[in-house]
Amino acid sequence: MTSDISIVWLGTMASLLAGLASGVGALGVFLVRTLTHKLQDGMLASAAGVMLAASFFSLLLPGLEYGEQITGETWTSALIVIFGLLSGAAALYFVHQRLPHQHFELGREGPDASYIRGIWLFIVAITLHNFPEGMAVGVGFAGGDVNNGYVLATGIGLQNIPEGLAVAFSLLAIDYSRIKAFAIALMTGLAEPLGGLFGATLVWLAEPLMPWTLGFAAGAMLFIISNEIIPETHHRQWKIMSTFCLMGGFAVMMFLDATLG
């Protein structure tokens, strides 16, 4: 069993490495001249599939198992995890309603913020994506389950690579230099260790709440997938391709969980 302090440290460092993968993907701006909308939609849909599988196999199912160990009853465990799931989605909805942010395809959301430069609204939007991912990695080490945490960090890191590339090319499209596009894409990934620290600390401070915390992290990610990533990748003519790319990402994360977990 890993010590409490080690859980916080591992969760933070693993989420940092996963976040830095955004910078790895963003390096593509120096190697690739253009990124088509079709390829961008496919990559983001694949990332959504990884997140979706991570929510089920690395967060919700372990949450149900921990809950049953703590309460001794399956139905009570399920209710606790469901409450955490809905709490996570509600928390992300609350933040989205009150923080102005902007998506390149879906436009501005949240309160009026005409006085804020569009690039900062975009950075806020990407941060809102990355914080729950980092939190999921931190929570993944709940109960000292190092393998589960590593699998989550690997999956989130893999999906951050195409996401970082897409972010960097989106910045190029609005006339940012390649160096600035890379730097900003890398910076947005650094929200993940903050989320990792938050999630791991939650587990450390209130271990009996692990089923709720795991459900909360899953709910936050599912909200991002359904409310933002899927609409972003399905508003053009490549809906079917995006659907299969999502399923491909799901399959990759399921394989990682089955073989490395």
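Fair warning: this is a prediction, and the values are worked out from it, not measured in the lab.

What counts, and at which threshold
- Residues numbered from 1 in each chain as written.
- Predicted model: local features only at pLDDT ≥ 70, side-chain atom pairs only at ≥ 80, totals over all residues.
- Heavy atoms only, no water.
- Helix = DSSP H or I, 4+ residues; strand = E, 2+ residues; numbered from the N terminus.
- Buried < 20%, exposed > 50% of the residue type's maximum accessible area, 1.4 Å probe, protein only.
- Contact = heavy atoms within 4.5 Å.
- Areas by Shrake-Rupley, 256 points an atom, 1.4 Å probe, with all protein chains shown as cover.
- Patch = residues over 30% accessible without salt bridge, like charges linked within 9 Å, V, L, I, M, F, W, Y side chains within 5 Å.
- Salt bridge = Lys/Arg side-chain N within 4 Å of Asp/Glu carboxyl O.
- Core = buried A, V, L, I, M, F, W, Y, C linked by side-chain atoms within 4.5 Å.
- UniProt positions renumbered as here; feature names shortened; annotations may be inferred.

Asker: Please set out the overall build of the protein residue by residue, giving values where relevant.
Answerer: For the protein, the helix and strand inventory stands at 9 helices and 2 strands. Along the protein, from the amino end to the carboxyl end, the secondary structure elements read α-α-α-β-β-α-α-α-α-α-α. With 261 residues in all, the protein has 52% of them scored as buried. Relative to all contacts within the protein whose residues are 6 or more apart in sequence, the contacts with residues 24 or more apart total 80%. When the accessible surface of the protein is summed, it comes to about 11,700 Å², and 71% of that surface belongs to carbon and sulfur atoms.

Asker: Please provide a residue-by-residue account of a nonpolar patch on the surface, values included.
Answerer: On the surface, L27, F30, L31, V32 and I179 cluster together into a nonpolar patch covering about 510 Å² of accessible area. Within the element layout of this structure, F30 appears in the loop between α1 (4-26) and α2 (37-71). Residue class for F30 comes out partly exposed when judged on its relative accessible area of 42%.

Asker: Before we move on, can you summarise the nonpolar core with the specific residues and values?
Answerer: Residues M51, L59, V139, I156, M221 and M253 are the most contacted members of the largest nonpolar core, which totals 41 residues. Secondary structure elements with two or more residues in this core: α1, α2, α3 (74-98), α4 (118-139), α5 (146-173), α8 (210-233) and α9 (239-260). Ranked by residue count, the leading element in this core is α8, at 11 residues. The residues touching M51, leaving out its near neighbours within four places in the chain, are E133, I156, Q159, M221, I224, I225 and I229.

Asker: Help me get a handle on the UniProt feature "transmembrane region" (unreviewed entry) in the protein, residues and values and all.
Answerer: Feature annotation in UniProt assigns "transmembrane region" (unreviewed entry) to the following positions: residues 6-32, 44-63, 75-95, 115-131, 151-174, 181-203, 209-226 and 238-256. For residues 209-226, the end-to-end C-alpha separation is 26 Å, with 94% helix and 0% strand making up the annotated structure.

Asker: Break down the environment of F83 for me, with residues and values.
Answerer: Here F83 lies in helix α3. Overall, F83 belongs to the exposed group, its relative accessible area being 53%. Spatially, the C-alpha atoms of F83 and F216 are 7.9 Å apart, while their sequence positions differ by 133 residues.

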